[in-house]
Amino acid sequence: MSITREAPGPHVRSGRERLRVASVPSGHVYVRRLSPVAGDGGVERLPDPDPDDARRSAQQRWWPPVMLRPEWAATADIDVFHVQFGFDTCTPGSLRELVDVLRGRGIPLVLTVHDLRNPHHRDRREHDAQLDVLVPAADAVLTLTPGAAAEVARRWGVEALVLPHPHVVDLDLARRLRARPRTGPWTVGLHVKSLRASMDPLAVLPTLVEEVRAMPDARLVVNGHRDVLDEDGARRDPALASYLADAERSGDIELRVHDYLSDEDLWDYLAGLDVSVLPYRFGTHSGWLEACRDLGTTVVVPDCGYFADQGPVLTYAMDEHRLGVPSLRTALRTARVAPPPPADLDARAAQRDEVAAAHLGLYRDLLA
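The present account deals with the structure reproduced in this document. (Residues numbered from 1 in each chain as written. Predicted model: local features only at pLDDT ≥ 70, side-chain atom pairs only at ≥ 80, totals over all residues. Heavy atoms only, no water.)

### Details of the environment of Ala 150
Which entries qualify depends on this criterion: Strands here mean DSSP runs of E at least two residues long; helices mean DSSP runs of H or I at least four residues long; both are numbered from the N terminus. Exposed residues in this analysis have more than 50% of their type's maximum accessible area, buried residues have under 20%, and partly exposed residues fall in between, with area computed by a 1.4 Å probe over protein chains only.
With respect to the secondary-structure elements, Ala 150 resides in helix α5 (residues 146-156). Accessibility expressed as a relative area gives 34% for Ala 150, which makes it partly exposed. With 84 residues separating them in the primary sequence, Ala 150 and Val 66 have C-alpha atoms 31 Å apart.

This is the structure in C-alpha coordinates:
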(Lines give C-alpha, C1' and ligand atoms only; values in the text may rest on other atoms or scores of the structure.)
Protein backbone atom coordinates (compact mmCIF):
# COMPACT_ATOMS: atom_id res chain seq x y z
CA MET A 1 0.00 0.00 0.00
CA SER A 2 1.28 3.47 -0.85
CA ILE A 3 0.64 6.36 1.54
CA THR A 4 2.30 9.51 0.27
CA ARG A 5 0.35 12.37 1.89
CA GLU A 6 2.69 14.22 4.24
CA ALA A 7 0.30 16.27 6.37
CA PRO A 8 -3.38 17.04 6.65
CA GLY A 9 -4.69 20.23 5.13
CA PRO A 10 -7.54 22.44 6.31
CA HIS A 11 -10.23 19.81 5.74
CA VAL A 12 -11.64 18.72 9.10
CA ARG A 13 -14.13 15.90 9.62
CA SER A 14 -17.33 16.81 11.38
CA GLY A 15 -17.12 13.92 13.86
CA ARG A 16 -19.73 11.81 12.07
CA GLU A 17 -19.48 8.06 12.52
CA ARG A 18 -20.04 7.12 8.87
CA LEU A 19 -17.33 8.28 6.51
CA ARG A 20 -18.50 10.20 3.48
CA VAL A 21 -16.69 8.84 0.44
CA ALA A 22 -16.80 10.10 -3.13
CA SER A 23 -16.46 6.83 -5.03
CA VAL A 24 -16.12 7.57 -8.71
CA PRO A 25 -18.56 6.33 -9.92
CA SER A 26 -20.71 5.17 -7.01
CA GLY A 27 -23.29 3.61 -9.36
CA HIS A 28 -20.85 1.08 -10.84
CA VAL A 29 -21.53 -2.52 -9.81
CA TYR A 30 -18.01 -2.92 -8.42
CA VAL A 31 -18.48 0.05 -6.09
CA ARG A 32 -21.91 -1.20 -5.02
CA ARG A 33 -20.22 -4.41 -3.83
CA LEU A 34 -17.80 -2.56 -1.54
CA SER A 35 -20.31 -2.57 1.30
CA PRO A 36 -20.76 -5.73 3.40
CA VAL A 37 -23.51 -8.14 2.41
CA ALA A 38 -25.68 -7.02 5.33
CA GLY A 39 -24.93 -3.35 5.90
CA ASP A 40 -23.19 -0.15 4.86
CA GLY A 41 -19.97 -0.94 6.75
CA GLY A 42 -19.60 2.54 8.21
CA VAL A 43 -19.29 4.22 4.80
CA GLU A 44 -21.70 6.56 3.06
CA ARG A 45 -20.87 6.63 -0.64
CA LEU A 46 -22.23 9.75 -2.25
CA PRO A 47 -24.57 9.21 -5.20
CA ASP A 48 -23.24 10.24 -8.61
CA PRO A 49 -24.31 13.77 -9.49
CA ASP A 50 -26.30 14.19 -12.68
CA PRO A 51 -23.91 15.21 -15.49
CA ASP A 52 -26.47 17.78 -16.65
CA ASP A 53 -27.17 19.18 -13.18
CA ALA A 54 -24.65 18.40 -10.43
CA ARG A 55 -27.26 19.24 -7.78
CA ARG A 56 -29.20 16.08 -8.67
CA SER A 57 -28.30 12.40 -8.28
CA ALA A 58 -27.56 10.74 -11.60
CA GLN A 59 -29.13 7.43 -10.48
CA GLN A 60 -28.45 5.35 -13.61
CA ARG A 61 -26.47 7.81 -15.76
CA TRP A 62 -23.14 8.84 -14.29
CA TRP A 63 -21.13 9.55 -17.43
CA PRO A 64 -19.13 11.75 -17.62
CA PRO A 65 -18.38 11.72 -13.87
CA VAL A 66 -19.16 15.07 -12.27
CA MET A 67 -17.12 14.12 -9.19
CA LEU A 68 -13.92 14.32 -11.22
CA ARG A 69 -14.45 18.02 -11.92
CA PRO A 70 -12.06 20.06 -9.74
CA GLU A 71 -14.82 22.56 -9.00
CA TRP A 72 -17.03 19.78 -7.58
CA ALA A 73 -14.24 18.44 -5.39
CA ALA A 74 -13.49 21.97 -4.15
CA THR A 75 -16.77 22.23 -2.24
CA ALA A 76 -18.03 18.67 -1.72
CA ASP A 77 -18.59 17.56 1.89
CA ILE A 78 -16.46 14.39 1.80
CA ASP A 79 -13.84 12.63 3.90
CA VAL A 80 -12.17 10.49 1.20
CA PHE A 81 -12.01 10.71 -2.59
CA HIS A 82 -11.77 7.27 -4.24
CA VAL A 83 -11.26 6.98 -8.02
CA GLN A 84 -12.33 3.72 -9.64
CA PHE A 85 -13.44 4.38 -13.23
CA GLY A 86 -14.35 7.23 -15.53
CA PHE A 87 -11.18 9.30 -15.58
CA ASP A 88 -10.73 8.61 -19.29
CA THR A 89 -12.99 11.66 -19.71
CA CYS A 90 -10.27 13.83 -18.12
CA THR A 91 -7.09 15.32 -19.51
CA PRO A 92 -3.91 14.85 -17.49
CA GLY A 93 -4.05 18.58 -16.80
CA SER A 94 -7.54 18.43 -15.29
CA LEU A 95 -6.49 15.46 -13.16
CA ARG A 96 -3.56 17.48 -11.83
CA GLU A 97 -6.02 20.25 -10.94
CA LEU A 98 -8.18 17.69 -9.12
CA VAL A 99 -5.16 16.40 -7.19
CA ASP A 100 -4.21 19.95 -6.20
CA VAL A 101 -7.73 20.65 -4.95
CA LEU A 102 -7.78 17.50 -2.82
CA ARG A 103 -4.33 18.18 -1.40
CA GLY A 104 -5.31 21.74 -0.58
CA ARG A 105 -8.30 20.49 1.37
CA GLY A 106 -6.41 17.63 3.04
CA ILE A 107 -8.75 15.03 1.55
CA PRO A 108 -7.05 11.66 0.93
CA LEU A 109 -7.03 10.39 -2.65
CA VAL A 110 -7.44 6.64 -3.12
CA LEU A 111 -7.03 5.02 -6.54
CA THR A 112 -8.06 1.50 -7.51
CA VAL A 113 -6.18 0.48 -10.65
CA HIS A 114 -8.70 -1.61 -12.53
CA ASP A 115 -7.17 -0.98 -15.94
CA LEU A 116 -3.48 -0.65 -16.69
CA ARG A 117 -4.48 -0.64 -20.35
CA ASN A 118 -7.78 0.98 -21.30
CA PRO A 119 -9.84 -1.64 -23.19
CA HIS A 120 -11.57 1.11 -25.20
CA HIS A 121 -8.36 2.68 -26.55
CA ARG A 122 -6.23 1.15 -29.31
CA ASP A 123 -3.47 3.63 -28.44
CA ARG A 124 -2.38 3.36 -24.82
CA ARG A 125 -0.62 6.71 -24.50
CA GLU A 126 -3.57 8.74 -23.19
CA HIS A 127 -4.40 6.23 -20.45
CA ASP A 128 -0.73 5.97 -19.51
CA ALA A 129 -0.54 9.77 -19.14
CA GLN A 130 -3.61 9.77 -16.90
CA LEU A 131 -2.16 7.04 -14.70
CA ASP A 132 1.13 8.94 -14.58
CA VAL A 133 -0.78 11.68 -12.75
CA LEU A 134 -3.01 9.58 -10.51
CA VAL A 135 -0.77 6.73 -9.34
CA PRO A 136 2.10 8.84 -7.90
CA ALA A 137 -0.37 11.36 -6.41
CA ALA A 138 -2.61 8.85 -4.64
CA ASP A 139 -2.37 8.48 -0.88
CA ALA A 140 -3.22 4.80 -1.35
CA VAL A 141 -3.24 2.62 -4.46
CA LEU A 142 -5.25 -0.59 -4.72
CA THR A 143 -5.60 -3.16 -7.45
CA LEU A 144 -7.27 -6.52 -7.95
CA THR A 145 -4.47 -9.01 -8.63
CA PRO A 146 -0.84 -9.68 -7.72
CA GLY A 147 0.19 -9.38 -11.36
CA ALA A 148 -1.28 -5.91 -11.68
CA ALA A 149 0.35 -4.89 -8.38
CA ALA A 150 3.72 -6.05 -9.69
CA GLU A 151 3.27 -3.92 -12.82
CA VAL A 152 2.32 -0.88 -10.71
CA ALA A 153 5.51 -1.40 -8.70
CA ARG A 154 7.63 -1.71 -11.86
CA ARG A 155 6.19 1.35 -13.56
CA TRP A 156 5.81 3.79 -10.67
CA GLY A 157 7.67 2.33 -7.69
CA VAL A 158 4.39 2.25 -5.75
CA GLU A 159 3.24 -0.67 -3.60
CA ALA A 160 -0.42 -1.38 -4.30
CA LEU A 161 -2.71 -3.13 -1.85
CA VAL A 162 -4.24 -6.19 -3.54
CA LEU A 163 -7.94 -6.79 -2.86
CA PRO A 164 -9.81 -9.32 -5.00
CA HIS A 165 -12.81 -8.43 -7.14
CA PRO A 166 -16.00 -9.18 -5.17
CA HIS A 167 -18.97 -10.94 -6.74
CA VAL A 168 -20.83 -9.16 -9.53
CA VAL A 169 -24.15 -11.04 -9.66
CA ASP A 170 -26.51 -10.82 -6.70
CA LEU A 171 -25.76 -13.98 -4.75
CA ASP A 172 -29.39 -15.06 -4.24
CA LEU A 173 -30.01 -14.65 -7.96
CA ALA A 174 -26.81 -16.56 -8.77
CA ARG A 175 -28.00 -19.46 -6.61
CA ARG A 176 -31.38 -19.54 -8.36
CA LEU A 177 -29.83 -19.44 -11.82
CA ARG A 178 -27.32 -22.15 -10.95
CA ALA A 179 -30.14 -24.37 -9.66
CA ARG A 180 -32.01 -24.36 -12.97
CA PRO A 181 -32.04 -27.73 -14.73
CA ARG A 182 -29.51 -27.85 -17.56
CA THR A 183 -31.04 -28.94 -20.85
CA GLY A 184 -29.95 -28.85 -24.46
CA PRO A 185 -26.49 -29.06 -26.01
CA TRP A 186 -23.19 -28.12 -24.41
CA THR A 187 -22.93 -24.40 -25.20
CA VAL A 188 -19.96 -22.17 -25.94
CA GLY A 189 -20.64 -18.43 -26.00
CA LEU A 190 -18.78 -15.61 -27.68
CA HIS A 191 -20.17 -12.17 -26.92
CA VAL A 192 -18.88 -9.48 -29.31
CA LYS A 193 -21.06 -6.76 -27.75
CA SER A 194 -20.23 -3.39 -29.32
CA LEU A 195 -16.64 -4.35 -30.13
CA ARG A 196 -14.34 -2.67 -27.67
CA ALA A 197 -10.96 -1.80 -29.14
CA SER A 198 -9.47 -4.66 -27.14
CA MET A 199 -11.67 -7.31 -28.78
CA ASP A 200 -10.76 -9.40 -31.82
CA PRO A 201 -13.51 -12.00 -32.27
CA LEU A 202 -12.50 -12.76 -35.86
CA ALA A 203 -9.16 -14.05 -34.60
CA VAL A 204 -10.74 -16.80 -32.49
CA LEU A 205 -13.97 -17.56 -34.38
CA PRO A 206 -12.55 -20.01 -36.97
CA THR A 207 -11.02 -22.14 -34.22
CA LEU A 208 -14.18 -22.02 -32.12
CA VAL A 209 -16.28 -23.04 -35.11
CA GLU A 210 -14.02 -25.97 -35.95
CA GLU A 211 -13.77 -27.23 -32.40
CA VAL A 212 -17.47 -26.98 -31.58
CA ARG A 213 -18.42 -28.52 -34.93
CA ALA A 214 -16.28 -31.55 -34.04
CA MET A 215 -17.85 -32.02 -30.60
CA PRO A 216 -20.95 -34.14 -30.13
CA ASP A 217 -24.04 -32.34 -28.84
CA ALA A 218 -22.42 -28.91 -28.78
CA ARG A 219 -23.24 -25.49 -30.16
CA LEU A 220 -21.57 -22.09 -30.53
CA VAL A 221 -23.71 -19.05 -29.66
CA VAL A 222 -22.52 -15.61 -30.77
CA ASN A 223 -24.15 -12.47 -29.41
CA GLY A 224 -23.59 -9.00 -30.83
CA HIS A 225 -25.09 -5.56 -30.70
CA ARG A 226 -27.06 -4.03 -33.53
CA ASP A 227 -24.71 -1.06 -33.84
CA VAL A 228 -21.95 -3.43 -34.99
CA LEU A 229 -23.86 -6.09 -36.95
CA ASP A 230 -26.91 -4.41 -38.49
CA GLU A 231 -26.70 -3.07 -42.05
CA ASP A 232 -27.34 0.47 -40.80
CA GLY A 233 -25.43 0.09 -37.53
CA ALA A 234 -23.55 3.20 -36.46
CA ARG A 235 -20.39 1.14 -35.77
CA ARG A 236 -20.94 -1.65 -38.27
CA ASP A 237 -18.01 -4.03 -38.77
CA PRO A 238 -18.52 -5.39 -42.32
CA ALA A 239 -15.94 -8.20 -42.04
CA LEU A 240 -17.32 -9.52 -38.77
CA ALA A 241 -20.94 -9.15 -39.88
CA SER A 242 -20.22 -11.03 -43.12
CA TYR A 243 -18.38 -13.86 -41.35
CA LEU A 244 -21.15 -14.31 -38.80
CA ALA A 245 -23.87 -14.26 -41.46
CA ASP A 246 -22.06 -16.96 -43.44
CA ALA A 247 -21.47 -19.06 -40.32
CA GLU A 248 -25.13 -18.78 -39.36
CA ARG A 249 -26.26 -19.85 -42.83
CA SER A 250 -23.97 -22.88 -42.70
CA GLY A 251 -25.34 -23.87 -39.30
CA ASP A 252 -22.01 -23.42 -37.52
CA ILE A 253 -23.25 -20.78 -35.06
CA GLU A 254 -26.42 -19.57 -33.45
CA LEU A 255 -26.36 -15.80 -33.99
CA ARG A 256 -28.24 -13.43 -31.68
CA VAL A 257 -28.27 -9.74 -32.57
CA HIS A 258 -29.80 -7.34 -30.08
CA ASP A 259 -29.40 -4.05 -28.28
CA TYR A 260 -27.71 -3.66 -24.90
CA LEU A 261 -28.93 -6.36 -22.50
CA SER A 262 -30.30 -5.49 -19.10
CA ASP A 263 -28.44 -7.02 -16.16
CA GLU A 264 -31.28 -9.50 -15.67
CA ASP A 265 -31.13 -10.65 -19.30
CA LEU A 266 -27.33 -10.75 -19.28
CA TRP A 267 -27.16 -12.96 -16.18
CA ASP A 268 -29.82 -15.24 -17.66
CA TYR A 269 -27.80 -15.56 -20.88
CA LEU A 270 -24.49 -16.21 -19.12
CA ALA A 271 -26.05 -18.79 -16.81
CA GLY A 272 -27.22 -20.67 -19.90
CA LEU A 273 -23.68 -21.06 -21.21
CA ASP A 274 -21.26 -23.81 -20.30
CA VAL A 275 -18.29 -21.74 -21.50
CA SER A 276 -17.76 -18.05 -22.21
CA VAL A 277 -14.75 -17.18 -24.39
CA LEU A 278 -13.20 -13.71 -24.01
CA PRO A 279 -11.58 -12.57 -27.30
CA TYR A 280 -9.27 -9.89 -25.91
CA ARG A 281 -5.99 -8.76 -27.47
CA PHE A 282 -5.19 -6.61 -24.44
CA GLY A 283 -6.68 -5.63 -21.12
CA THR A 284 -6.13 -5.97 -17.39
CA HIS A 285 -9.11 -7.30 -15.41
CA SER A 286 -12.67 -8.38 -16.25
CA GLY A 287 -15.98 -7.97 -14.46
CA TRP A 288 -17.50 -10.27 -17.09
CA LEU A 289 -15.17 -13.01 -15.89
CA GLU A 290 -16.33 -12.48 -12.31
CA ALA A 291 -20.00 -12.64 -13.31
CA CYS A 292 -19.38 -15.94 -15.11
CA ARG A 293 -17.68 -17.34 -12.02
CA ASP A 294 -20.68 -16.28 -9.92
CA LEU A 295 -23.02 -18.12 -12.29
CA GLY A 296 -20.94 -21.30 -12.58
CA THR A 297 -19.98 -20.67 -16.21
CA THR A 298 -16.45 -21.68 -17.23
CA VAL A 299 -14.37 -18.80 -18.58
CA VAL A 300 -11.72 -19.12 -21.28
CA VAL A 301 -9.45 -16.09 -21.23
CA PRO A 302 -6.35 -14.90 -23.08
CA ASP A 303 -3.02 -14.86 -21.27
CA CYS A 304 -2.57 -11.11 -21.78
CA GLY A 305 -3.35 -8.82 -18.87
CA TYR A 306 -4.09 -10.37 -15.48
CA PHE A 307 -7.38 -12.15 -16.15
CA ALA A 308 -5.95 -15.49 -15.07
CA ASP A 309 -4.99 -14.00 -11.68
CA GLN A 310 -8.63 -13.33 -10.85
CA GLY A 311 -9.68 -16.92 -10.22
CA PRO A 312 -9.81 -20.47 -11.63
CA VAL A 313 -10.14 -20.06 -15.42
CA LEU A 314 -8.78 -21.67 -18.56
CA THR A 315 -6.29 -19.69 -20.64
CA TYR A 316 -5.08 -19.54 -24.20
CA ALA A 317 -2.27 -17.59 -25.83
CA MET A 318 -3.40 -14.29 -27.34
CA ASP A 319 -2.31 -10.68 -27.32
CA GLU A 320 -1.81 -7.89 -29.87
CA HIS A 321 0.91 -9.84 -31.65
CA ARG A 322 -0.07 -13.50 -31.55
CA LEU A 323 -2.78 -16.12 -31.28
CA GLY A 324 -1.89 -19.61 -30.08
CA VAL A 325 -4.49 -21.73 -31.86
CA PRO A 326 -3.38 -25.01 -30.21
CA SER A 327 -3.78 -23.45 -26.77
CA LEU A 328 -7.31 -22.29 -27.61
CA ARG A 329 -8.22 -25.79 -28.79
CA THR A 330 -6.81 -27.26 -25.59
CA ALA A 331 -8.73 -24.79 -23.42
CA LEU A 332 -12.03 -25.67 -25.11
CA ARG A 333 -11.45 -29.41 -24.84
CA THR A 334 -10.49 -29.06 -21.18
CA ALA A 335 -13.63 -27.02 -20.54
CA ARG A 336 -15.67 -29.93 -21.88
CA VAL A 337 -14.08 -32.71 -19.84
CA ALA A 338 -12.47 -31.08 -16.78
CA PRO A 339 -13.69 -27.51 -16.18
CA PRO A 340 -12.37 -25.57 -13.19
CA PRO A 341 -14.69 -25.50 -10.18
CA PRO A 342 -17.28 -22.72 -10.01
CA ALA A 343 -16.94 -20.05 -7.36
CA ASP A 344 -18.23 -21.01 -3.92
CA LEU A 345 -21.02 -18.50 -3.31
CA ASP A 346 -20.72 -18.63 0.47
CA ALA A 347 -17.05 -17.85 0.07
CA ARG A 348 -17.97 -15.01 -2.28
CA ALA A 349 -20.20 -13.50 0.41
CA ALA A 350 -17.38 -13.74 2.96
CA GLN A 351 -14.94 -12.28 0.45
CA ARG A 352 -17.20 -9.29 -0.12
CA ASP A 353 -17.35 -8.62 3.63
CA GLU A 354 -13.55 -8.86 3.86
CA VAL A 355 -13.05 -6.47 0.95
CA ALA A 356 -15.51 -4.00 2.47
CA ALA A 357 -13.75 -4.18 5.85
CA ALA A 358 -10.38 -3.64 4.18
CA HIS A 359 -11.67 -0.49 2.45
CA LEU A 360 -13.07 0.90 5.69
CA GLY A 361 -9.83 0.17 7.51
CA LEU A 362 -7.83 1.89 4.79
CA TYR A 363 -10.03 4.98 4.86
CA ARG A 364 -9.73 5.22 8.64
CA ASP A 365 -5.96 4.80 8.52
CA LEU A 366 -5.67 7.63 6.00
CA LEU A 367 -7.77 9.92 8.17
CA ALA A 368 -6.06 9.00 11.47
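Now that the structure has been shown, the text picks up again.
### Some words on the sheet that holds strand β12 (residues 275-277)
How we decide: By the convention used here, strands pair only if DSSP detects at least 2 bridges between them. Here the axes come from fitting lines to C-alpha atoms, over the contacting stretch only for helices, and the angles between their N-to-C directions go from 0 to 180 degrees.
In spatial order, the strands read β11-β10-β9-β12-β13-β14; together these six strands make up an open sheet with parallel pairing. Strand pairing shows two members of the sheet lacking a second neighbour, β11 (254-258) and β14 (314-316), which therefore form its edges. The mean angle between the axes of side-by-side strands here comes to 25°, regardless of whether they run parallel or antiparallel. Alignment of strand β9 (residues 186-193) against β12, held across three bridges, turns out to be parallel. Pairing of Leu 190 across the sheet is with Val 277, part of β12.

### Structural notes on the packing of helix α10 (residues 263-271) against helix α11 (residues 287-295)
For clarity, the threshold we go by: In this scheme the handedness of a crossing depends on how the near helix is turned from the far one: anticlockwise by less than a right angle means left-handed, clockwise means right-handed. By the convention used here, residues are in contact when the closest approach between their heavy atoms is within 4.5 Å. Polarity classes work like this: nonpolar for Ala, Val, Leu, Ile, Met, Phe, Trp, Tyr, Cys and Pro, charged for Asp, Glu, Lys and Arg, and polar for all others, with Gly in that last group.
For the pair α10 and α11, interaxial distance at closest approach is 9 Å and the crossing angle is 65°. Crossing hand, α10 versus α11: right-handed. Each of Leu 266, Trp 267, Tyr 269, Leu 270 and Ala 271 in α10 lies in contact with α11, whose residues at this interface are Trp 288, Ala 291, Cys 292 and Leu 295. Residue classes in the contact of α10 with α11 are distributed as nine nonpolar, no polar and no charged.

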